[in-house]
Amino acid sequence: MKQLLIYQRPVQLNRQLHRDHRVLPLDNDYRFASQVNSAPLACSEFAHAARQYPIVFAGASLEAVVPAALLGLRAGLNLMVDAQGRWADGVYVPAFLRRYPFVLAEREPGAGDFTVCLDADYAGLREGGSEGEPLFDAEGANTPLLDNALSFLQQYQIELAR
């Protein structure tokens, strides 16, 4: 299963290049996931996910098998996302999708050293202006938005490793 299947143009977050970038939350807008028929799951998500989805184990080899929530039966079809891009009401959203537009990427395969990336094609990404929440403050430090995203990404990575 391709790990970055929902990210169109992931770019490494950079304090200088992205200093004036802002993120506008697009509540319940899952158009980015409308063609994803499964989403990887951490074991800690099984209880929530199993109430609403079949959990499958898929991978290119036995060593690469990962658990996933089955979101649709055909390739390119996510039955949880409607024509307006909204997720089905009251249905669990896997953490893999909730972390969007942020993602951790390994600097070198197998090294365990990660960097924060952002999908440059995210519809809620703004450069300059006042719309959305800034990624960095005037001094270049992380804002609460970025700290919260980083915390979620780190916890997700820990859960995946389990």
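Structure's up top.
Presented here is an overview of the structure given in this document.

Regarding the overall build of the chain
Here's step 1: Helix and strand content of the chain: three helices and nine strands.
Here's step 2: When the helices and strands of the chain are placed in sequence order, the string is β-β-β-α-β-β-α-β-β-β-β-α.
Here's step 3: Since a compact globule built from 162 residues should have a radius of gyration of about 15 Å, the 16 Å found for the chain is in line with a globular shape.
Here's step 4: Along the first, second and third principal axes, the C-alpha set of the chain runs to 45 × 40 × 25 Å.

Notes on the pairing of strand E5 (residues 66-70)
Here's step 1: Relative to E5, strand E3 (residues 38-40) runs antiparallel, the two sharing three bridges. Counted as the bridge partner of Ser-38 is Leu-70 from E5.
Here's step 2: In this structure, strand E4 (residues 55-58) lies alongside E5, joined through four bridges in antiparallel fashion. Counted as the bridge partner of Ile-55 is Ala-69 from E5.

Focus on the sheet that holds strand E2 (residues 21-23)
Strands in a sheet are paired, the pairing made by backbone hydrogen bonds, and the direction either parallel or antiparallel.
Here's step 1: Read across the open sheet, the three strands follow the order E8-E2-E9; overall the sheet is antiparallel. Of all strands in the sheet, those bounded by a partner on one side alone are strand E8 (125-127) and strand E9 (133-134).
Here's step 2: Alignment of E2 against E8, held across three bridges, turns out to be antiparallel. Along E8, the bridge assignment pairs His-21 with Glu-127.

A few points about the pattern of salt bridges
Here's step 1: Under the counting rule described, the total for this entry stands at six salt bridges.
Here's step 2: With a closest N to O distance of 3.8 Å, Arg-98 and Glu-45 form a salt bridge. In this pair, Arg-98 sits in helix H2 (residues 95-98) while Glu-45 sits in the loop between E3 and helix H1 (46-50), placing the two residues 53 residues apart along the sequence.
Here's step 3: Residue classification places Glu-45 among the buried positions, given a relative accessible area of 4%.
Here's step 4: Linking Arg-86 and Asp-82 is a salt bridge whose minimum nitrogen-to-oxygen distance equals 3.0 Å.
Here's step 5: A residue is classified by how much of its surface remains accessible, and Arg-86, at 40% relative accessible area, is partly exposed.

With respect to a nonpolar patch on the surface
Here's step 1: Together, Phe-57, Leu-62 and Val-65 make up an exposed nonpolar region whose accessible area comes to about 350 Å².
Here's step 2: Examined against the element boundaries, Val-65 turns out to sit in the loop between E4 and E5.

Quick word on helix H3 (residues 144-161)
Here's step 1: For H3, built from 18 residues, the straight-helix expectation of 26 Å at 1.5 Å per residue is met to within 8% by its first-to-last C-alpha distance of 26 Å.
Here's step 2: Residues of H3 that are buried: Leu-146, Ala-149, Leu-153, Tyr-156 and Glu-159. For H3, the buried positions fall inside an angular range of 150° around the axis, keeping them on one side. Relative to its buried face, H3 has exposed residues pointing more than 90 degrees away, namely Pro-144, Asn-148 and Ala-161.
Here's step 3: Buried positions along H3 lie against E3, H2, strand E6 (102-106) and strand E7 (114-119).

Quick notes on the packing of aromatic side chains
Here's step 1: Here the structure, examined in full by the defined rule, presents six aromatic pairs.
Here's step 2: Seen in terms of ring centroids, Phe-46 and Phe-57 are 6.4 Å apart; in terms of plane orientation they differ by 70°. Their pairing is edge-to-face. In this pair, Phe-46 sits in helix H1 while Phe-57 sits in strand E4, placing the two residues eleven residues apart along the sequence.
Here's step 3: Overall, the relative accessible area of 55% leaves Phe-57 in the exposed class.
Here's step 4: Arranged with centres 5.6 Å apart and planes meeting at 80°, the rings of Tyr-100 and Tyr-122 form a pair that is edge-to-face. One end of the pair, Tyr-100, is in the loop between H2 and E6; the other, Tyr-122, is in the loop between E7 and E8, and 22 residues separate them in sequence. Here Tyr-100 matches Tyr-122 in class, with each residue buried.

Reading the values: rules and limits
Residues numbered from 1 in each chain as written. Predicted model: local features only at pLDDT ≥ 70, side-chain atom pairs only at ≥ 80, totals over all residues. Heavy atoms only, no water. Helix = DSSP H or I, 4+ residues; strand = E, 2+ residues; numbered from the N terminus. Rg over C-alpha atoms; globule rule 2.2 N^0.38 Å. Pairing = 2+ DSSP bridges. Salt bridge = Lys/Arg side-chain N within 4 Å of Asp/Glu carboxyl O. Buried < 20%, exposed > 50% of the residue type's maximum accessible area, 1.4 Å probe, protein only. Patch = residues over 30% accessible without salt bridge, like charges linked within 9 Å, V, L, I, M, F, W, Y side chains within 5 Å. Areas by Shrake-Rupley, 256 points an atom, 1.4 Å probe, with all protein chains shown as cover. Expected span 1.5 Å × (residues − 1). Arc of directions from axis to C-beta. Contact = heavy atoms within 4.5 Å. Phe/Tyr/Trp six-rings, centres within 6.5 Å; stacked < 30°, edge-to-face > 60°.

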